[in-house]
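Tertiary structure, described
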Amino acid sequence: MLTQHPHTSGEVGTFYNRHTDVYDSALGGNIHVGYWDDESDGSPMRAATDRLTDLVTERVAPTEGQHLIDVGCGHGSTAARIIAHHAVRITGVSVSDYQVEVANGRPQPADLPGRATFRLADAMELPFPDESFDGAYAIESLMHMKDKEAALGHIARVLRPGARLVIAEHHLDGELDRPDAARMAEAHGFFKFSLTTDLYRQLLGEAGLRVVDHTDITENVRRSYDSMTNAWRDAAHGETDGETAREWQTAADLGGWFFAVPQLRYGLLTAVRP
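Sequence order sets the numbering: in each chain, residues are counted from 1 along the sequence as written. Local features in a predicted model are, by the rule used here, given only for residues with pLDDT of at least 70; side-chain atom pairs are given and counted only at 80 or more, and totals for whole chains, interfaces and linings are based on all residues. Only hydrogens and water are set aside; all other atoms, that is, all heavy atoms of the structure, feed into the side-chain values.

Points about the confidence of the model for the chain
- When pLDDT is averaged along the chain, the result is 88; 89% of the residues meet or exceed 70.
- As a per-residue measure, pLDDT reflects the predictor's confidence and takes values from 0 up to 100. Contacts: residue pairs with any heavy atoms within 4.5 Å of one another. A low-confidence stretch, residues 1-16 (pLDDT under 50), is modelled with 39 contacts involving residues beyond four sequence positions or located in other chains.

Have a look at this one:
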């Protein structure tokens, strides 16, 4: 929810590190939302966030020996789950040196089916040759990027023909009402960078990718929102630095508003490079 900084050092880095850690605590060891089958599903947060990872992985459809790119890898929890069940290589990229350090520090026992490595890189300027990867996924990372057109163009460029990109993302279903649009324009972090479903489809098409599926799972992930806003509020109350506490409180207040906007949706978009 908070503004993503391209390089994390000094005081800015300390705040970004806390941002990652607060997400981790709120979301059961992952830093993306969870998925529950229905209202009667009593799964704990960790099981629900792992299930979201599994849904994304199913759509990527990895096969043995493939090389995947994790766009906005966070602290590596998603890749760790995938390589525990699939014999693939994963390269994760993040603009946070803290996240990359944590991700590379995760143990990878020799008996794991797959392997993962992580590096500091900007998805809007991916440093890989054309057609380097057999598949890609981006879980709640594109929403932080100001230039989604550039990011999607680079992702498409590094995918081999036939490769899939799966995006798990908050997006807007139609335009916001004028007061909400004005508030979003003043908001921090990904609020002002959220796109409509139609615009995502347009940008994917312009990048040379063909959308083959869009599944709306808003009601299945909604239970995550209270956990997130409560975590930001708790972080504000526990913070001794006044400016940082205000940042957390702002995130909590904006989160409470944004998650209640009727146009807010959460979906899984699957696209293929022809």
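After that view of the structure, there is still more to cover.
So, the packing of aromatic side chains
- Within 6.5 Å between ring centres, the rings of Phe, Tyr and Trp (the latter by its six-membered ring) count as paired, and their orientation is classed by plane angle as stacked under 30 degrees, edge-to-face over 60, tilted in between. In total, this model carries 4 aromatic pairs according to the counting rule given.
- Three or more aromatic residues joined by ring pairs form one cluster here, namely Tyr225, Trp232 and Phe259.

What about the side chain of threonine 57?
- A run of DSSP states H or I qualifies as a helix once it reaches four residues; a run of E qualifies as a strand once it reaches two. Both are numbered from the N-terminal end. Following the sequence through the fold, threonine 57 ends up in helix α2 (residues 45-60).
- Note on exposure labels: buried denotes an accessible area under 20% of the residue type's maximum, exposed denotes more than 50%, and partly exposed covers the range between, all computed with a 1.4 Å probe on protein chains only. Taking the relative accessible area as the measure of exposure, threonine 57 reaches 6% and is therefore buried.
- Polar contacts, as counted here, are pairs of nitrogen or oxygen atoms within 3.5 Å of one another; within protein the pair requires one atom able to donate a hydrogen and one able to accept it, and residues that are adjacent in sequence qualify only if both atoms are side-chain atoms. At a separation of 2.8 Å, a polar atom in the side chain of threonine 57 contacts the main-chain carbonyl oxygen of threonine 53.
- Apart from residues lying up to four places away in sequence, threonine 57 is in contact with Pro62, Ile82 and His86.

So, the nonpolar core
- Only buried residues count toward a nonpolar core. Its members are Ala, Val, Leu, Ile, Met, Phe, Trp, Tyr and Cys residues joined through side-chain atoms within 4.5 Å. Leu52, Val56, Ile90, Trp232 and Tyr266 are the most contacted members of the largest nonpolar core, which totals 51 residues.
- Excluding residues that lie within four positions of it along the chain, valine 56 makes contacts with Tyr137, Ile139, Val166, Ala168 and Leu268.
- Counting residues in each nonpolar core, the second largest holds 28 residues, with Ala123, Ala138, Leu142 and Leu159 among its members.

Remarks on the sheet that holds strand β3 (residues 115-120)
- Ordered in space as β3-β2-β1-β4-β5-β7-β6, the 7 strands form an open sheet in which the pairing is mixed. Each edge of the open sheet carries a strand with a single partner, namely β3 and β6 (210-216). Sheet twist, expressed as the mean angle between neighbouring strand axes with direction ignored, is 15°.
- Strand pairing follows a simple DSSP-based rule, namely that at least 2 bridges must link the two strands. Pairing analysis gives 6 bridges linking strand β4 (residues 133-139) to strand β5 (residues 159-172), with the strands arranged parallel. Under this scheme, a helix contributes an axis fitted over its contacting stretch, all axes are lines through C-alpha atoms, and angles between N-to-C directions fall in the 0 to 180 degree range.

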